[in-house]
Amino acid sequence: MILIGENLNVMSQTLGPALRERNAGPIVEMARAETAAGVDLIDLNIGPARRGGDELMAWVVNTVQGITDKMLSLDTTNLDAMEAGLKARQGPVLINSVSLQTSRVDRGLELARKYNADLIGLLWSNDGMPRDVNERAMHTVDFIYKANALGVPNERIWVDPIASPVSVEINQVKACVEFMTMLGEIAPGCKSTVGLSNVSNGAPHDLRGWLNRTYMIMLMRYGLHSAIVDAFDKDLIQIARGRRPDIVALVHKLMDGEAVDIASLPREMANYARTVRVLKGDSLYSHSWLEV
Ligand code: THG
């Protein structure tokens, strides 16, 4: 599993102001901390950055690329900012992301070709969020057809089915898992990624990791290539690196519908078991899902 650290982002209470003020200290510190935490890429998330995004992205890339040898993921919807970041970058780079909207897709793909970059193909279309697994599959086929025609091969494309919060729509959570089982067939050679923390958006802060980690294991079972993650979730990194086969085995067992006596499990295992049941849609999500 390839891990993309999500923590360098403009929504952060400390890094948002640092980005706006071009205050390099906190940005460098975060990039160093994520590198030390053991992620494979660092996501540079400047948000929509409507005004001055080009200058900002170039500044962040230049601030970070001297202090880490990790691949960089440039995260913005502003394609002028994306191009400025790509120009500044010396080294491997991931475009996060190119969506399917007609006004954007050609330029995004053209940037990937021109700068020899990998890209995340975000399955967001003119109609917004895909409604189910079939729309995700159709969008994927459309996207790789366009990409190939413009000279971008499947091997450079990381498809993102767009994860949504379990507290909002369980069917969308399930659709992403089902999508992973299909991707290899509909898009041979493509990679995949998902914004894992999306699934726990709105959940109590100290409990979010249970949802993120369990969902990661469920998606990994069907070949998830990479994920955008909280770099400081130590348990998540351990699981992604294959050091918790006990947890993975339990999650797989529950995914297969095998009977498990949750009450007899140690607390950590019981928490994973209850979280699988919620993410499968077998029990209803509530903020106290670990207690029931
Ligand atoms: N797909 C792709 N890119 C993405 C997403 C995706 N980029 C943005 C997002 N989703 C992934 N990144 C984050 C970054 C932060 C958080 C969630 C996802 C987050 N932050 C905490 C919060 O908001 O409470 C804390 C913020 C902080 O202080 O750092 O949840 O789906 N391709």
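Up top you'll find the structure we're talking about.
## Some thoughts on unusual backbone geometry
For the bond from N96 to S97, the omega torsion is 15 degrees, close enough to zero to count as cis. For S97, the location among the structural elements is in strand β4 (residues 93-99). In this model, N116 sits at a positive phi of 55 degrees, which is unusual for a non-glycine residue. Mapping N116 onto the fold places it in the loop between α5 (105-114) and β5 (118-122). Phi at I162 takes a positive value of approximately 70 degrees, unusual for a residue other than glycine.

## Some points on the environment of L290
For L290, the position within the fold is in the segment after α11 (267-279). L290 gets classed as buried once you look at its relative accessible area, which sits at 4%. Distance from L290 to N271, taken between C-alpha atoms, is 5.8 Å for residues 19 residues apart in sequence. Setting aside residues no more than four positions away along its own chain, L290 makes contact with L207, W210, R267, N271, R274 and T275.

## Some remarks on the pattern of salt bridges
The full count for this structure, using the stated rule, is 14 salt bridges. Linking D256 and R221 is a salt bridge whose minimum nitrogen-to-oxygen distance equals 3.0 Å. Of this pair, D256 sits in the loop between α10 (245-255) and α11 while R221 sits in the loop between α8 (208-220) and β8 (226-229), placing them 35 residues apart in sequence. Here R267 and E291 are joined by a salt bridge, their closest N and O atoms 3.4 Å apart. One end of the pair, R267, is in helix α11; the other, E291, is in the segment after α11, with 24 residues separating them in the sequence. In this structure, a network of salt bridges that share partners links the residues D80, E83, R107 and K114.

Definitions and limits used
Residues numbered from 1 in each chain as written. Predicted model: local features only at pLDDT ≥ 70, side-chain atom pairs only at ≥ 80, totals over all residues. Heavy atoms only, no water. Helix = DSSP H or I, 4+ residues; strand = E, 2+ residues; numbered from the N terminus. Buried < 20%, exposed > 50% of the residue type's maximum accessible area, 1.4 Å probe, protein only. Contact = heavy atoms within 4.5 Å. Salt bridge = Lys/Arg side-chain N within 4 Å of Asp/Glu carboxyl O.

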